[in-house]
Amino acid sequence: MKLRQICGAVAGVALAVCLAGCAGGGAQGADTGANGSKTYKIATDTAFAPFEYAESDGTYVGIDMELLDAIAKKEGFEYKIDPVGFDAALQNVQSNQADGVIAGMSITDTRKQVFDFSEPYYNSTVCCATKADGGVASLEELRGKNVAVKNGTMSANWAESIKGQYGFTTTTFDTSDVMYQDVLAGNSVACFEDTPVMSYAIDKVGMGLKIVAECDASSEFATPYGFAVNRGANAELLQKFNEGLAAIKADGTYDKIVSKYVQTVK
Ligand code: GLN
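All of these numbers come straight from a predicted model, not from anything done at the bench.

**What to know about the site of the ligand**
Within the structure, the ligand sits among 13 residues, and G104, S106, R111, K150 and D194 are positioned closest to it. One of the side-chain N or O atoms of K150 is found 2.7 Å from an oxygen atom in the ligand. Burial of the ligand by the protein amounts to 100% of the accessible area it has alone, namely 300 Å². For the shell around the ligand, the class distribution of residues is six nonpolar, three polar and four charged.

**Some details on the packing of helix α2 (residues 63–75) against helix α9 (residues 253–261)**
When two helices pack together, you describe them by how their axes are tilted relative to each other and by the distance separating the axes. Running from amino to carboxyl end, α2 crosses α9 at an angle of 160 degrees, the nearest separation of the two axes being 9 Å. In this view, α2 runs roughly antiparallel relative to α9, as classed from their interaxial angle. Judged by the twist between their axes, the crossing of α2 over α9 is right-handed. Contact residues: α2 offers I63, E66, L67 and A70, while α9 offers T253, Y254, I257, V258, K260 and Y261.

**Things to note about the sheet that holds strand β12 (residues 209–214)**
Strand order across the open sheet formed by five strands is β10-β9-β11-β8-β12, with mixed pairing between neighbours. Each edge of the open sheet is held by one strand with a lone partner, namely β10 (169–173) and β12. The sheet shows a mean angle of 35 degrees between the axes of neighbouring strands, direction not considered.

**What about unusual backbone geometry?**
Omega for the bond connecting A49 with P50 falls within 30 degrees of zero, at 5 degrees, which places this linkage in the cis form. Positive phi, close to 60 degrees, is recorded for N96, a residue that is not glycine. Despite not being glycine, N234 has its phi angle at roughly 55 degrees, a positive value. Examined against the element boundaries, N234 turns out to sit in the loop between β13 (228–230) and α8 (235–250).

How each quantity is defined
Residues numbered from 1 in each chain as written. Predicted model: local features only at pLDDT ≥ 70, side-chain atom pairs only at ≥ 80, totals over all residues. Heavy atoms only, no water. Near = heavy atom within 4 Å. Polar contact = N/O pair within 3.5 Å; in protein donor to acceptor, adjacent residues only side chain to side chain. Areas by Shrake-Rupley, 256 points an atom, 1.4 Å probe, with all protein chains shown as cover. Nonpolar A, V, L, I, M, F, W, Y, C, P; charged D, E, K, R; others polar. Axes fitted to C-alpha atoms, helices over the stretch in contact; angles between N-to-C directions. Helix = DSSP H or I, 4+ residues; strand = E, 2+ residues; numbered from the N terminus. Parallel < 35°, antiparallel > 145°, perpendicular 65-115°, else oblique. Left-handed = near helix turned anticlockwise from the far one by under 90°. Contact = heavy atoms within 4.5 Å. Pairing = 2+ DSSP bridges.

Written as structure tokens, this is what we have:
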């Protein structure tokens, strides 16, 4: 029921965003307002709490949403959120249909070939979670079983990199919430996810899952999050983001936002 409400809200927002975009003549990327100022289109995930998620009225909240808002206010720019899903957000930025992406996006060397990243703003690792009640106890117990992963993510890359060693298969989902439901329904025995997101779902949302393994903190799958633009495009937006991030770190706004959602500032 809860999930259906969230999906409904997401669909409503997606429709509203599409209508707004279409009404503006289908402009790609930033719109130019009457006073000549740009409104940046920022793509994001649909459901990735505590970084971005829809409230029951469809408003997007979370650490990423509040950081972006605080940075935009400091730097004096306008933006419009486009919650299209993680993989789609990356594609929209690459095809210049969005100006930037903030979606708990891990900074990686491979992605740096196609994106320019801001300074890192949040540390993360990836983990494997299973049903709290039952489920598996370790990666070794995944042998011969199927796990759920999320399209285009570092946690999916981690799963793919170890599935030969541990002998499991994968099914790919577009969103984290649907991936968790697949585990709760017993179709997949475990899922792979970013640790801060999985911990939040378990501790704060009460999702009936538990973390059974975490990647090495020094591994290529555990890299911090950054805001990204298409490589070579929107340099001014990236600069504003970095300047604004430094300013909200210096004045305590960053810590206030993060601790509103999670106990410890990482
Ligand atoms: N941090 C992960 C990545 O960048 C997942 C991001 C997400 O699912 N929104 O691959």
